[in-house]
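The primary structure of each chain is shown beneath.
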Amino acid sequence: MSPVFPMLTVLSMFYYICLRRRARTATRGEMMNSRRAIESNNRALPINVEIVQYAKEVLDFSSHYGSENSMSYTMWNLAGIQNVYPSSGDFTQTAVFRTYGTWWDQCPSARLPFKRTPPNFYSQDYVELAFEDPVYPTAVHILETYHPGAVVRVLACSANPYSQNPPAEVRWEVLWSEAPTKVNGPQARQFTPCIKQINFPTNLIRLEVNSSLLDYYTELDAVVLHGVKERPVLSLKTTMIDMNDIDEDEDEEKDGGGMESLNKQFSVAALKEWPTNGYFDKLPYELIQLILSHLTVPDLCRLAQTCKLLYQHCCDPLQYIHLSLQPYWARINDTSLEYLQSRCTLVQWLNLSWTGNRGAISVSGFSRFMKICGSELVRLELACGHFLNETCLEVIAETCVNLQELNLSSCDKLPPQAFNHIAKVGSLKRLILYRTKVEQTALLSILNFCSELQHLSLGSCVMIEDYDLIASMMGAKCKKLRTLDLWRCKNITENGIAELASGCQLLEELDLGWCPTLQSSTGCFTNIARKLPNLQKLFLTANRSVCDTDIEELAANCTHLRQLDILVNTDHQMWSVIWDLLHYCCLQSILSCIVSHCPLEKQAKHFIQQQAVALQKTSKGCQN
């Protein structure tokens, strides 16, 4: 017999098996449609018109450079068509996040990072945009008008923000993700990442950004969503039969269902019957704990399913002393917290920032978790936690008796009366209330009872009526204060600054950016320079009254100064004054000296960099 015939016989049998498999998983009509699709040049796409739409509304964001009471440099500029693009430059009609670069991680208020953060989680800020019509996305265009390159992740949500009936389950799907990259030049561009197809329509898009590699603030003008109403059909370009569909039915039946029997092997009851755990039995308990400490939380949960010994190690509360759930914000819900309760009885650092929104975490679920796991908490991060209410803060105050750090940044849904409970946590050393609705009465109570405060952020807190009174209370009660953020404080005057400088002389960081009521002619900046010699960071952003005398006072008195943000006008004797500043502060090294919103901004920065390098070389030469 010719050797060709056995080959044909094998191919015939293979083809028969494939057809049998396909017959089990599809109706005859679906088979015929699939066959016609393959025969007609491997393509059967319905006529589907692409819809192009701009963002209708900005639903949520983590931070922005602008004020809560205006449109300049705020995230709300992302709604609607572009205002600036294709022009390049610094425009107030764009959306700008609060931070950029790395110097925010090097200032006195910088917080220590959490352990076990996944290496592929780069996000620092986010913004969520709603569109009119749910579509299956085919493209997302991001119009960047100044210093592009911050966007690192684009996600789509299955929930329709305009639907009257919220879904039982909210899904988030990553359309595109990439590590931060350096973009050459600040020019405008249309960024169009290569997105993947998803199996649900969406009209809710989320952008996550990382600005650590940028030389200045990134500015976004608009986001355009392209999509189709009907789910696109993938073209079949390679083979008729999916090789993953081919299996041995008889073997499955004999083994009792394949995966079902395998799950039985890995059940807890089965693990108890295993006589040995391999070489892990010979390792010290502490060594295994050390090895597992390098795993992420999902890896720990997977490893716990392998054997009894590793299950015991992976469930040990010592593995969860520092727990950051922020990288997994899209998957954290009440069930997740309940699952982690028994493992987190000793947790000291807990990061729940960005989690729980759109009903994922309930007040009761959070309260149960905190009552069981909050007694040892020292640090609690809850930034952008929109599920929080007064009950949650009351539970925190009653349960977390050892709490030293509390972050409520951008928790703008919290009612003003909820902040009264923070005053019960007398051990607080760090409190972040950026973009919250804290009112003056609650804040005065907090300052009165939390005298151990060292770090306080009140940036963009628009509900406070009299910042001079707040500054006076800080000077009287918070003698240990080291960093203070009063970004966009609208009504503090030289009187409040005098009380603050007199009482909080340990201050190393002071942010008075965009505080229009402060004027150099009153001597407030000179007062700061003379009474706060430990200053390492000083922000006087956009204050047009800063003069040469103020900078000279800083140079003479604040020899530890490393970060300075000032606005320099062209009529100032900028070059010689900044030379003096660098000369007196060079031994401590100027990390960043920002000359913001200046007509000669580029020349100023270039001059500063040159002089700083020259002085550092001179300093090293003198030391040698």
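Structure shown above.
Conventions and cut-offs
Residues numbered from 1 in each chain as written. Predicted model: local features only at pLDDT ≥ 70, side-chain atom pairs only at ≥ 80, totals over all residues. Heavy atoms only, no water. Helix = DSSP H or I, 4+ residues; strand = E, 2+ residues; numbered from the N terminus. Buried < 20%, exposed > 50% of the residue type's maximum accessible area, 1.4 Å probe, protein only. Contact = heavy atoms within 4.5 Å. Pairing = 2+ DSSP bridges. Axes fitted to C-alpha atoms, helices over the stretch in contact; angles between N-to-C directions. Parallel < 35°, antiparallel > 145°, perpendicular 65-115°, else oblique. Nonpolar A, V, L, I, M, F, W, Y, C, P; charged D, E, K, R; others polar. Phe/Tyr/Trp six-rings, centres within 6.5 Å; stacked < 30°, edge-to-face > 60°. Salt bridge = Lys/Arg side-chain N within 4 Å of Asp/Glu carboxyl O. Polar contact = N/O pair within 3.5 Å; in protein donor to acceptor, adjacent residues only side chain to side chain. Patch = residues over 30% accessible without salt bridge, like charges linked within 9 Å, V, L, I, M, F, W, Y side chains within 5 Å. Areas by Shrake-Rupley, 256 points an atom, 1.4 Å probe, with all protein chains shown as cover. Core = buried A, V, L, I, M, F, W, Y, C linked by side-chain atoms within 4.5 Å. Lys, Arg positive; Asp, Glu negative; His and termini not counted.

Draft legend 1. How the structure looks around the overall build of the protein chain. Regarding its fold elements, the protein chain presents 18 helices and 20 strands. Looking at the protein chain as a whole, 49% of its 624 residues qualify as buried. Considering only intrachain contacts with a sequence separation of at least 6, the fraction spanning at least 24 residues in the protein chain is 80%.

Draft legend 2. Local environment of the pairing of strand β8 (residues 202-209). Of all eight residues making up β8, eight are buried, and the element is well covered by its neighbours. Alignment of strand β4 (residues 125-146) against β8, held across seven bridges, turns out to be antiparallel. Bridged to leucine 129 within β8 is isoleucine 205. Here five bridges tie strand β5 (residues 151-157) to β8, and the two strands are oriented antiparallel to one another. Residue pairing for β8: alanine 156 is matched across the bridge by isoleucine 205.

Draft legend 3. Examining unusual backbone geometry more closely. For the peptide bond that leads from tyrosine 85 to proline 86, omega is 15°, which places it in the cis range. Within the secondary structure, proline 86 is located in the loop between β2 (57-61) and β3 (95-96). One non-glycine residue, arginine 358, lies in positive phi territory at about 60°. By the secondary structure assignment, arginine 358 is in the loop between β11 (349-351) and α10 (363-373). The exposure class of arginine 358 is partly exposed, given its relative accessible area of 37%. The phi torsion at serine 460 lies on the positive side, around 55°, for a residue other than glycine. Relative to the helices and strands, serine 460 resides in the loop between β15 (455-457) and α13 (467-477).

Draft legend 4. How the structure looks around the packing of helix α14 (residues 494-503) against helix α15 (residues 524-531). Closest axis-to-axis distance for the α14/α15 pair is 9 Å, and the angle between their directions is 5°. Here α14 lies roughly parallel to α15, going by the angle between them. Contact residues: α14 offers Glu494, Ile497, Ala498, Ala501 and Ser502, while α15 offers Cys524, Asn527, Ile528 and Lys531. Among the residues making up the contact of α14 with α15, the classes are represented as five nonpolar, two polar and two charged.

Draft legend 5. Inspection of the packing of aromatic side chains at higher detail. Summed over all chains, the structure comprises 19 aromatic pairs. A centroid spacing of 5.7 Å and a plane angle of 75° characterise the contact between tryptophan 103 and tryptophan 104, whose relative ring orientation is edge-to-face. Comparing tryptophan 103 with tryptophan 104, the two get one shared label, buried. Between tyrosine 126 and tryptophan 354, the ring centres sit 4.9 Å apart and the planes meet at 70°, which makes this aromatic pair edge-to-face. Placement of tyrosine 126 in strand β4 and of tryptophan 354 in the loop between β11 and α10 is noted, with a sequence separation of 228 residues between them. For tyrosine 126, a relative accessible area of 0% gives the class buried. With relative accessibility at 4%, the residue tryptophan 354 sits in the buried group. An aromatic cluster of at least three residues, connected via ring pairs, comprises Tyr65, Tyr73, Tyr100, Trp103, Trp104, Tyr146, Tyr216, Tyr217, Trp487, Trp514 and Phe539.

Draft legend 6. Broad picture of the pattern of salt bridges. Enumeration over the complete set of coordinates arrives at 23 salt bridges. A salt bridge links glutamate 132 to lysine 56, with the shortest nitrogen-to-oxygen separation between them at 3.0 Å. Taken together, the residues glutamate 132 in strand β4 and lysine 56 in the loop between β1 (50-54) and β2 connect sequence positions 76 residues apart. When its relative accessible area of 44% is taken as the criterion, glutamate 132 is described as partly exposed. Across the salt bridge formed by lysine 537 and glutamate 509, the nearest N and O atoms sit 3.2 Å from each other. Of the two residues, lysine 537 is situated in strand β18 (residues 537-539) and glutamate 509 in strand β17 (residues 509-511); the sequence distance between them amounts to 28 residues. The buried category is assigned to lysine 537, whose relative accessible area is 3%. Because the salt bridges share partners, they merge into one network encompassing Arg111, Arg379, Glu381, Glu405 and Arg430.

Draft legend 7. Looking closely at α14. Listed as buried for α14 are Gly496, Ile497, Leu500, Ala501 and Gly503. Buried positions along α14 lie against α13, β16 (483-485), β17 and α15.

Draft legend 8. Quick peek at the environment of aspartate 90. Tracing the backbone through its elements, the reader meets aspartate 90 in the loop between β2 and β3. When its relative accessible area of 31% is taken as the criterion, aspartate 90 is described as partly exposed. For the pair aspartate 90 and proline 186, spaced 96 residues apart in the sequence, the C-alpha separation amounts to 9.9 Å. A polar contact is formed between the side chain of aspartate 90 and the side chain of tyrosine 73, at a distance of 3.0 Å.

Draft legend 9. Seen up close, the packing of helix α12 (residues 440-449) against α13. Direction vectors running N to C along α12 and α13 enclose 10°, while the axes themselves pass 9 Å from each other. When the axis of α12 is compared with that of α13, the two are roughly parallel. Between α12 and α13, the residues in contact are Gln440, Leu443, Leu444, Leu447 and Asn448 and Leu469, Ile470, Met473, Met474 and Lys477, respectively. Of the residues contributing to the contact of α12 with α13, the split by class is seven nonpolar, two polar and one charged.

Draft legend 10. Seen up close, a nonpolar patch on the surface. Nonpolar side chains collect at one region of the surface, where Phe280, Leu283, Leu287, Leu290 and Ile291 lie side by side and expose about 420 Å² of accessible area between them. As for its placement among the helices and strands, leucine 283 is situated in the loop between α5 (268-273) and α6 (285-292). Since its relative accessible area comes to 33%, leucine 283 is described here as partly exposed.

Draft legend 11. Fine view of the nonpolar core. In this structure, Phe366, Met370, Leu408, Ile422, Leu433, Leu458 and Met474 are the most contacted members of the largest nonpolar core, which totals 96 residues. With sequence-adjacent residues up to four places away left out, leucine 458 is seen in contact with Leu433, Leu443, Tyr467, Ile470, Met474, Asp485 and Leu486.

Draft legend 12. Molecular detail of the side chain of aspartate 125. As for its position among the elements, aspartate 125 is in strand β4. Of the side chains with opposite charge, arginine 435 comes closest to the buried, unpaired aspartate 125, at an N-O distance of 8.5 Å. Engagement of the side chain of aspartate 125 in a polar contact is seen with the side chain of serine 63, the distance being 2.9 Å. Look past the residues within four positions of aspartate 125 in its chain and what remains in contact with it is Ser62, Ser63, Phe97, Thr99, Leu207, Glu208, Val209 and Trp354.

Draft legend 13. Structural detail: the pairing of β5. Of all seven residues in β5, seven are buried, a share of seventy percent or more. The pairing of β5 with strand β6 (residues 172-177) spans five bridges and is antiparallel. Bridge assignment links cysteine 157 to a residue of β6, and that residue is tryptophan 172.

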